[in-house]
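Spelled out, the chains give:
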Amino acid sequence: MEVKLWNDKREREMYENFAELYAIIKATEKLEKAYVRDIISSSDYETECQKLIAHFKTLASTLKDTVPSIERFADTYKMDCPAAINRLVTSGVPATVEHRAAAAASATTSAAIVAECVQNFITAMDSLKLNMVAVDQVYPLLSDLSASLNKLGILPPDFEGKTKMKEWISRLSKMGAADELTEQQARQLHFDLESSYNSFMAALPNAGT
């Protein structure tokens, strides 16, 4: 005796769509695991993942009335596919695309910090040239420079600019706000700033190209 799972064409289509959705989720889970284990190349992973995401989005849109929650669908059929749910529902893009976006954001942030460091170096050196040598004028500039250098991850902890600025800030903190650097101190600070600036530019990736 033949047992029918559906009563009409509409029900049949619904169950076929359920089967397709199930297959997409399972395939995505396997693909995610293969990528994490380095079994598949990044380019092949991305191509296949984009196909699965596109199929999923089309199918999810078709089933939005009968399957309002993909997570609940996965629970109902005891699928245990957390990586697939994350990729298809939460992220919506391949992991490789996420990584590129994160790298681009990181590069943009680094570029902004480099620009900030350069600006702070130039401002501090120009201020000394304009004879702005009072402690309450010099200290904030060196403090800003030190803070921006510390934000840049590509510089080692013992980077010349970091250590020299720290020494100068320590020295200035022991002086009064109205005190002024002597001509010799101002000259030495300018030299240290210029030396640190040159070291900073040399430390940047692709410096001078």
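Residues numbered from 1 in each chain as written. Predicted model: local features only at pLDDT ≥ 70, side-chain atom pairs only at ≥ 80, totals over all residues. Heavy atoms only, no water.

As a further point, take the environment of Leu 128. Summarising the element assignment, Leu 128 is placed in helix α5 (residues 95-129). On the accessibility criterion, Leu 128 (11% relative accessible area) is buried. Sequence separation between Leu 128 and Val 138 is 10 residues; the distance between their C-alpha atoms is 8.1 Å. Once residues within four sequence positions are removed from consideration, Leu 128 is found in contact with Val 133, Val 138, Leu 181, Ala 186, Leu 189, His 190 and Leu 193. (Helix = DSSP H or I, 4+ residues; strand = E, 2+ residues; numbered from the N terminus. Buried < 20%, exposed > 50% of the residue type's maximum accessible area, 1.4 Å probe, protein only. Contact = heavy atoms within 4.5 Å.)

Counting residues in hydrophobic clusters, the biggest one holds 28 residues, and the most contacted among them are Phe 121, Leu 142, Leu 149, Leu 181, Leu 189, Leu 193 and Phe 200. Elements that contribute at least two residues to this core include exactly α5, α6 (135-151), α7 (160-173) and α8 (183-203). With eight residues, the top contributor of residues to this core is α5. Counting residues in each nonpolar core, the second largest holds 26 residues, with Tyr 45, Phe 56, Leu 59 and Cys 81 among its members. (Core = buried A, V, L, I, M, F, W, Y, C linked by side-chain atoms within 4.5 Å.)

A few words now on the pattern of salt bridges. Scanning the entire structure with this criterion turns up nine salt bridges. A salt bridge links Arg 100 to Glu 46, with the nearest nitrogen and oxygen atoms 3.0 Å apart. With Arg 100 in helix α5 and Glu 46 in helix α2 (residues 42-62), the pair connects residues that are 54 residues apart, well separated along the chain. What makes Glu 46 buried here is its relative accessible area of 15%. Salt bridges sharing partners connect three or more residues here, namely Glu 32, Arg 87 and Glu 98. (Salt bridge = Lys/Arg side-chain N within 4 Å of Asp/Glu carboxyl O.)

This part is about helix α4 (residues 82-91). Regarding α4, the residues found buried are Ala 84, Ile 85, Arg 87 and Leu 88. Those residues of α4 that are buried are in contact with α1 (9-36), α2, α3 (70-76) and α5. Following α4 by one or two positions, Gly 92 has its phi on the positive side, about 85 degrees.

Per the UniProt record, the feature "domain: VPS28 C-terminal" (unreviewed entry) sits at residues 109-205. Counted over residues 109-205, helix gives 75% and strand 0%. Its end C-alpha atoms are 15 Å apart. (UniProt positions renumbered as here; feature names shortened; annotations may be inferred.)

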